[in-house]
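# Reading the structure
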Amino acid sequence: MASTKSILSTAASLAASAMLIRSIANDFLPHHLHNYVFFRFHNLLSRFSTQMTITIEEIDGFSINQMYVAAEIYLGSKSCSSTCRRIRVSKPEKDKNISVSVDKDEEIIDTFEEIELKWTFACRETESRIIRDEFNSTVRSEVQFFLLTFHKKYKDRVLGSYLPHVLHQSKALKEEKKGLKLYTVKYERIYGNFNDAWNSINLDHPATFQTIAMDPEQKCEIMADLDRFVKRREYYRKVGKAWKRGYLLYGPPGTGKSSLIAAIANYLNFNIYDLELSDIQCNSELRKLLVATANRSILVVEDIDCSIDLNDRQENQVEVMNGRFRHTNQKNQVTLSGLLNFIDGLWSSCGDERIIIFTTNHKEKLDPALLRPGRMDMHIHMSYCSPKGFKLLANNYLGIQDHHLFRKIEALFREVEVTPAQIAEELMKHDNPEMSLAGVVEFLTVKKMEVKQVKDGEEDKTADGEEARNKGQLVV
């Protein structure tokens, strides 16, 4: 009994002494010396420990650490069934399920092939200095990371089997509860952590390949190309190409380019990153933003011909001012070469299973360098509404597949050009199919008369010009 009391007394005494030493160190030792002493002390103790710890940080260079994302998803599924005391719960409006994640400083014990592993979620503040346009601004951010602790003798099994298991399980869980997201850039945060510059909202666009008004053969060709792309990971590696695909959608406004993008996203279950080039200051910003996009995603640059002047490939040009030559520095602009470097340069390999889509109303205005194979692999012409496209729209909007006015409408389509958006607008004006189709006939008839008037006016101008030229020749 006395022996037990003495042991407890000694332990209490040592604990009190340790607390006293820690208090004195905190009060009297400089901060950097305090950290150094405890760091060396921790290293000394770790030499006698049988435990090993792996740190999995959120950020890996410019991009998100995929192992961190996998661990976050995997542990979220474990947190409810563990002894975890605090968890974080969220549910975006249109997501399928509640999202559960581990709270700060919480621990989760996991077992894999009789190996006991302890996960800890932790955070630390970091301070970085950003210098831009001759102004210094300090950005303080929080770095999040997981600590994975286990017995040293299981190191090879953890690295070779357990972590791949976590990646595989997290991928399955992610696909099970995934809701599509539309990402846009938060430009007020673009100068801090680039991984926080993308802001997401739920994407609930109803467009599918069954609903968009396109030629059926063209739709089948696009779907076959997408199916072939997602199945060819090993093929891309074998031939030495980045696993990406580029599409150029071109055609008049209202022909369904945005709807096709949404249909592709719904078909593949890929998130969309919408990028406005005109708001980006320089090539380095563009590169960091693009690298921060996730795998299995679609990068969209709409109206590429209007977004920014990409015709000039030189970063330093010579211009004449007051009779003198001077070099203009374009470092604060996004250049065509900067964009091309990401599309098919070395930076294009920083990510897998990505689709890049450019849209334009005027394909002829684009620089030929953007159009060559390997950059834009497939050029998709979004044309005016065809008879087949009209039948699909009538089925979608009115629920009918045939009507006696169809033949008259199809005949008018041979004489006038209208977009699917214009036809859809007419179909929505009435719930009654008869009245709705009669409105389409009237709309197309008016368009036909307008086209005829324009042609007649052009013929009159041509005739007047010919007459004027003939009179001039007679006078001579």
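Let me sum up the structure you'll find in this document. Keep in mind that this is a model prediction, so the values were computed, not measured.

## Observations regarding helix H13 (residues 406-413)
For H13, the set of buried residues is Phe406, Ile409, Glu410, Leu412 and Phe413. Viewed end-on, H13 has its buried residues packed into an arc of 160°, placing them on one side of the element.

## Let's talk about the packing of helix H3 (residues 66-79) against helix H4 (residues 155-177)
Between H3 and H4, the shortest axis-to-axis distance is 8 Å and the interhelical angle comes to 70°. In terms of orientation, H3 lies roughly perpendicular with respect to H4. Judged by residue contacts, Gln66, Met67, Ala70, Ala71, Ile73, Tyr74 and Ser77 of H3 engage Tyr162, Leu163, His165, Val166, Leu167, Gln169, Ser170, Leu173 and Lys174 from H4. For the contact of H3 with H4, the per-class residue count stands at 10 nonpolar, five polar and one charged.

## Observations concerning the pattern of salt bridges
Overall, the coordinates contain 14 salt bridges when judged by the stated rule. Asp110 is paired through a salt bridge with Lys78; the nearest N and O atoms lie 3.7 Å apart. Linking Asp110 in strand E6 (residues 107-112) with Lys78 in helix H3, this pair joins segments that are 32 residues apart in sequence. Among the ionic pairs, Glu113 bridges to Arg157, the shortest N-O distance being 3.3 Å. Here Glu113, found in the loop between E6 and strand E7 (115-132), pairs with Arg157, found in helix H4; they are 44 residues apart in sequence, far enough to count as distant. Look at Arg157 and you get partly exposed, because its relative accessible area is 34%.

## Some points on the environment of Leu398
With respect to the helices, strands and loops of the structure, Leu398 is situated in helix H12 (residues 387-398). Classification of Leu398 by relative accessible area gives buried; the value is 14%. C-alpha of Leu398 to C-alpha of Asn432: the two residues are 34 residues apart in sequence and 7.8 Å apart in space. For Leu398, the residues in contact, after removing those within four places along its chain, are Leu393, Leu427, His430, Pro433, Ser436 and Leu437.

## Re the side chain of Arg354
Its place among the elements puts Arg354 in strand E16 (residues 354-360). Among buried charged residues, Arg354 stands out as having no salt bridge; its nearest opposite-charge side chain is Asp352, 7.7 Å away. Among the polar contacts made by the side chain of Arg354, one reaches the main-chain carbonyl oxygen of Thr293 at a distance of 2.4 Å. Apart from the residues within four sequence positions on either side, Arg354 is in contact with Phe229, Trp243, Lys244, Arg245, Leu290, Val291, Thr293, Ala294, Asn295, Ser297 and Phe342.

## With respect to the packing of aromatic side chains
In the structure shown here, the tally under the stated rule is 14 aromatic pairs. Considering the side-chain rings of Tyr74 and Tyr162, the 6.4 Å spacing of their centres and the 85° angle between planes classify their relative orientation as edge-to-face. On the criterion of sequence distance, the pair formed by Tyr74 in helix H3 and Tyr162 in helix H4 is long-range, its members being 88 residues apart. Comparing Tyr74 with Tyr162 shows no difference in burial state: the two are buried.

The rules we used
Here the residue index of a chain counts from 1 through its sequence in written order. Under the rules for a predicted model, residues below a pLDDT of 70 receive no local features and side-chain atom pairs below 80 are neither given nor counted, while totals for whole chains, interfaces and linings still include all residues. Note that water and hydrogens are dropped before the side-chain values are worked out from all heavy atoms of the structure. Burial classes: relative accessible area under 20% of the type maximum marks a residue as buried, over 50% as exposed, and values in between as partly exposed (1.4 Å probe, protein chains only). Labels follow the DSSP assignment, with helices taken as runs of H or I lasting at least four residues and strands as runs of E lasting at least two, numbered in each case from the N terminus. This arc corresponds to the set of directions leading from the helix axis out to the C-beta atoms. For helices, the fitted line uses only the C-alpha atoms of the stretch in contact; every axis is such a line through C-alpha atoms, and the angle between N-to-C directions lies from 0 to 180 degrees. In these notes the angle categories are as follows: under 35 degrees is roughly parallel, over 145 is roughly antiparallel, 65 to 115 is roughly perpendicular, and the rest is oblique. Contact criterion: two residues are considered in contact whenever any of their non-hydrogen atoms come within 4.5 Å of each other. Three residue categories are used. Nonpolar comprises Ala, Val, Leu, Ile, Met, Phe, Trp, Tyr, Cys and Pro, charged comprises Asp, Glu, Lys and Arg, and polar comprises the others, including Gly. When a carboxyl oxygen of Asp or Glu lies within 4 Å of a side-chain nitrogen of Lys or Arg, that pair is called a salt bridge. Asp and Glu are treated as the negative residues and Lys and Arg as the positive ones, with His and the ends of the chain left uncounted. In protein, a polar contact means a hydrogen-donor-capable atom and an acceptor-capable atom, both N or O and within 3.5 Å, with residues adjacent in sequence counting only if both atoms are side-chain atoms; elsewhere, any N or O pair within 3.5 Å suffices. A pair of Phe, Tyr and Trp rings is counted when the ring centres sit within 6.5 Å of each other, with Trp represented by its six-membered ring. The angle between the planes then sorts it: under 30 degrees is stacked, over 60 is edge-to-face, the rest tilted.

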